[in-house]
Amino acid sequence: MSTDQRQEAAATAIIGQKVLPGRDRDYESWQEDVNAAAAEYPGYLGVEVSRPTEIQPEWIVVYRFDSVAHLQAWINSATRQRLLEVGDTYLDGPGTQQVVSGGGRPTDPLVTVVITHRVDPAQVDDFLAWQRRMSRAEEKFEGFRGTELFRPVEGVQAEWTAMYRFDTAEHLDAWLTSPRRQELLAEGAKFDDFRLRTIDNSFGSWFAFDENGKEAPPPSETKTSIAVWVGLYPTVVLLTLALSPLDMPLWLGLLVGNLLSSFLMSFLTMPHYVNRLLGRWLRPPPDEPAARTRLVGLATVVALMGFWVAVFYVVTTQIWTLP
């Protein structure tokens, strides 16, 4: 199977689970065991776990497999069923589950809404036309970042799943409560058998997915470590220079510096520096030769680090000598 075919056939399960008060730590430990078990199954690509937030009362777990068949094998496995029997003691009622098939990634560093619809087969054309009108309206609202529509997955899920994303919860709420959306909901009254859930993933990921909506394989641990190094070195040195006039004691300087570097890495360095310069190396296009991608990526890493080493050598030895 080619890389394009694997991406096209990729399957994602989005599971929402409400945890009993005071059992979050037990649930988190149990979920780690479940994730470790899932990783042993064929076709496993990755998992993400999002904690509850003000707009997302549930724990959200997103599993990605390379095909519906492999995802279904994991979901229906005896291993998972045994683990669920243990996990039920931590959960406040049954969870929710949506399965989507295709290249899109259901969550990104934004706020995502997941809506499932039960549609009569005779009304599919009307439903698709209504969804297109809904999408055109969404696009006009501030903060809109994209939408995806997934067909039912035969043998796994009968519902259609629509997902749309906004940059903030405030912008999302403006759309959800808008008169225009209410008009469209009235137009699609025959499709009102739906469930809506918001996933707050606003803190995001350092390693963004492809902008065209197709999911590339996750970077290896080696690439991830090198990319973080590329971003961390200039961030830490620049912060050290910026904070040095404050003459803080070592323990306090490290405390403040680590906090600031965490914010800078998450919101500036990784998304706007590292991901832009190393994106093709971290997540190479499927049609690009692997050897060429590897060589260009490594050359870029060497050039970037050489540049920063030269700059900081001159700054700290010729221009500004730290105490």
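Each remark here, short or long, concerns the structure printed above.
Residues numbered from 1 in each chain as written. Predicted model: local features only at pLDDT ≥ 70, side-chain atom pairs only at ≥ 80, totals over all residues. Heavy atoms only, no water.

## Quick notes on helix α8 (residues 221-243)
Heads up, the condition is: The way it works is that DSSP assigns letters per residue, a run of H or I at least four long becomes a helix, a run of E at least two long becomes a strand, and they are numbered from the N terminus. To estimate how far a helix should extend, the number of its residues minus one is multiplied by 1.5 Å. The angle between axes fitted to the seven-residue stretch ending at a residue and the seven-residue stretch beginning at it gives the bend at that residue. Three labels apply to residues, based on accessible area from a 1.4 Å probe with only protein chains included: buried if under 20% of the type maximum, exposed if over 50%, partly exposed otherwise in between.
With 23 residues, α8 should reach 33 Å at 1.5 Å per residue; the first-to-last C-alpha distance of 32 Å fits that figure. Along its length, α8 reaches its greatest deviation from straightness, about 25 degrees, at Leu-232, and the proline Pro-234 lies no more than four positions downstream. Taken as a whole, α8 has its buried residues at Ala-227, Val-228, Val-230, Gly-231, Pro-234, Thr-235, Val-237, Leu-239, Leu-241 and Leu-243.

## Remarks on the packing of α8 against helix α9 (residues 250-282)
Any two packed helices are characterised by the angle at which their axes cross and by the distance between the axes. Filter applied, for reference: To get an axis, a line is fitted to the C-alpha atoms, and for a helix only the part in contact is used. The angle between two axes follows their N-to-C directions and goes from 0 to 180 degrees. Orientation categories follow fixed angle ranges, with anything under 35 degrees roughly parallel, anything over 145 roughly antiparallel, 65 to 115 roughly perpendicular, and all other angles oblique. Definitions for this section: a left-handed crossing has its near helix turned counterclockwise from the far helix by less than a right angle. A right-handed crossing has that turn clockwise. Each residue receives one of three labels: charged for Asp, Glu, Lys and Arg, nonpolar for Ala, Val, Leu, Ile, Met, Phe, Trp, Tyr, Cys and Pro, and polar for the others, Gly being one of them.
Interhelical geometry of α8 versus α9 gives an angle of 135 degrees and a closest axis separation of 8 Å. Classified by the angle their axes make, α8 and α9 are oblique. Here α8 runs over α9; the crossing is right-handed. Taken together, the residues that form the contact of α8 with α9 break down as 18 nonpolar, 5 polar and 1 charged.

## Things to note about the nonpolar core
Put simply, the test is: Put simply, a nonpolar core is a bunch of buried Ala, Val, Leu, Ile, Met, Phe, Trp, Tyr and Cys residues held in one set by side-chain atoms that sit within 4.5 Å of each other.
Tyr-27, Trp-30, Tyr-63, Leu-71 and Trp-74 are the most contacted members of the largest nonpolar core, which totals 23 residues. At the level of elements, β1 (11-17), α2 (24-38), β3 (59-65), α3 (68-75) and α4 (78-87) are the ones that each hand at least two residues to this core. One finds Val-124, Leu-128, Trp-130 and Tyr-164 within the second-largest nonpolar core, a separate group that totals 19 residues.

## Some remarks on the pairing of β3
Cut-off, in case you're wondering: What makes two strands pair is DSSP finding at least two bridges between them.
Taking burial as the measure, the 7 residues of β3 include 7 buried ones, the bulk of the element. Of the two faces of β3, the one carrying Trp-59, Val-61, Tyr-63 and Phe-65 and the one carrying Ile-60, Val-62 and Arg-64 are both buried. When β1 meets β3, the two strands line up antiparallel, connected through 7 bridges. Within β3, the position partnered with Gln-17 by the bridge is Trp-59. As defined by bridge partners, strand β2 (residues 44-50) adjoins β3 across 6 bridges and the pair is classed as antiparallel. Note on β3: the bridge partner recorded for Ser-50 is Ile-60.

## Quick look at the pattern of salt bridges
Defined as follows: One speaks of a salt bridge when a side-chain nitrogen belonging to Lys or Arg is within 4 Å of a carboxyl oxygen belonging to Asp or Glu.
Counting across every chain of the model gives 6 salt bridges. Its salt-bridge partner being Glu-28, residue Arg-51 comes within 2.5 Å of it at the nearest N-O pair. Here Glu-28 lies in helix α2 and Arg-51 lies in the loop between β2 and β3, a separation of 23 residues in the sequence. Accessibility expressed as a relative area gives 28% for Glu-28, which makes it partly exposed. One salt bridge in this structure joins Glu-183 and Arg-180, with 3.1 Å as the shortest N-O distance. Of this pair, Glu-183 and Arg-180 both sit in helix α7 (residues 179-187), 3 residues apart, roughly one helical turn. The class for Glu-183 is partly exposed, based on a relative accessible area of 44%.

## Re the packing of aromatic side chains
Note the following rule: Pairing of aromatic side chains requires ring centres within 6.5 Å, counting the rings of Phe and Tyr and the six-membered ring of Trp. Pairs whose planes differ by under 30 degrees are stacked, by over 60 edge-to-face, and all others tilted.
Enumeration over the complete set of coordinates arrives at 14 aromatic pairs. Chaining the aromatic ring pairs together yields one cluster made of Tyr-233, Tyr-273, Phe-307, Trp-308 and Phe-312.

## Structural notes on the pairing of β1
Among the 7 residues in β1, 7 count as buried, and that is most of the element. Taking every second residue as pointing to the same face, both faces of β1 are buried, with Ala-11, Ala-13, Ile-15 and Gln-17 on one and Thr-12, Ile-14 and Gly-16 on the other. The pairing of β1 with strand β4 (residues 96-101) spans 6 bridges and is antiparallel. Directly across from Gly-16, in β4, lies its bridge partner Thr-96.

## A few points about the environment of Ile-60
For Ile-60, the position within the fold is in strand β3. With relative accessibility at 0%, the residue Ile-60 sits in the buried group. For the pair Ile-60 and Ile-15, spaced 45 residues apart in the sequence, the C-alpha separation amounts to 5.7 Å.

## A word on empty space enclosed by the protein
So the rule is basically this: The distinction between a cavity and a pocket rests on a 1 Å grid over the protein atoms alone: a 1.4 Å probe fits inside a cavity but cannot get out, while a pocket stays open yet meets protein on both sides within 12 Å along at least five of seven lines, and a residue with an atom within 4 Å of a point counts as lining. Grid points are joined across faces, edges and corners, and a volume is the space filled by probe spheres set on the points.
In this structure the tally under the stated criterion is 2 cavities of 30 Å³ or more. The computed volume of the largest cavity comes to approximately 110 Å³. Residue lining of the largest cavity: 15 residues in total, with Ile-115, His-117, Gln-131, Met-134 and Tyr-164 positioned closest to the centre. A class-by-class count of the residues in the lining of the largest cavity yields 9 nonpolar, 4 polar and 2 charged. Estimates place the volume of the second largest cavity at around 70 Å³. If you go around the second largest cavity, the residues you meet are Ile-15, Gln-17, Trp-30, Gln-31, Val-34, Val-61, Tyr-63, Arg-80 and Leu-84. Those elements giving two or more residues to the lining of the second largest cavity turn out to be β1, α2, β3 and α4. The dominant element in the lining of the second largest cavity, judged by the number of residues it contributes, is α2, at 3 residues. Of the residues belonging to the lining of the second largest cavity, the class tally is 6 nonpolar, 2 polar and 1 charged.

It is worth stressing that arrangement in space is one thing and function is another; only the former is reported here.
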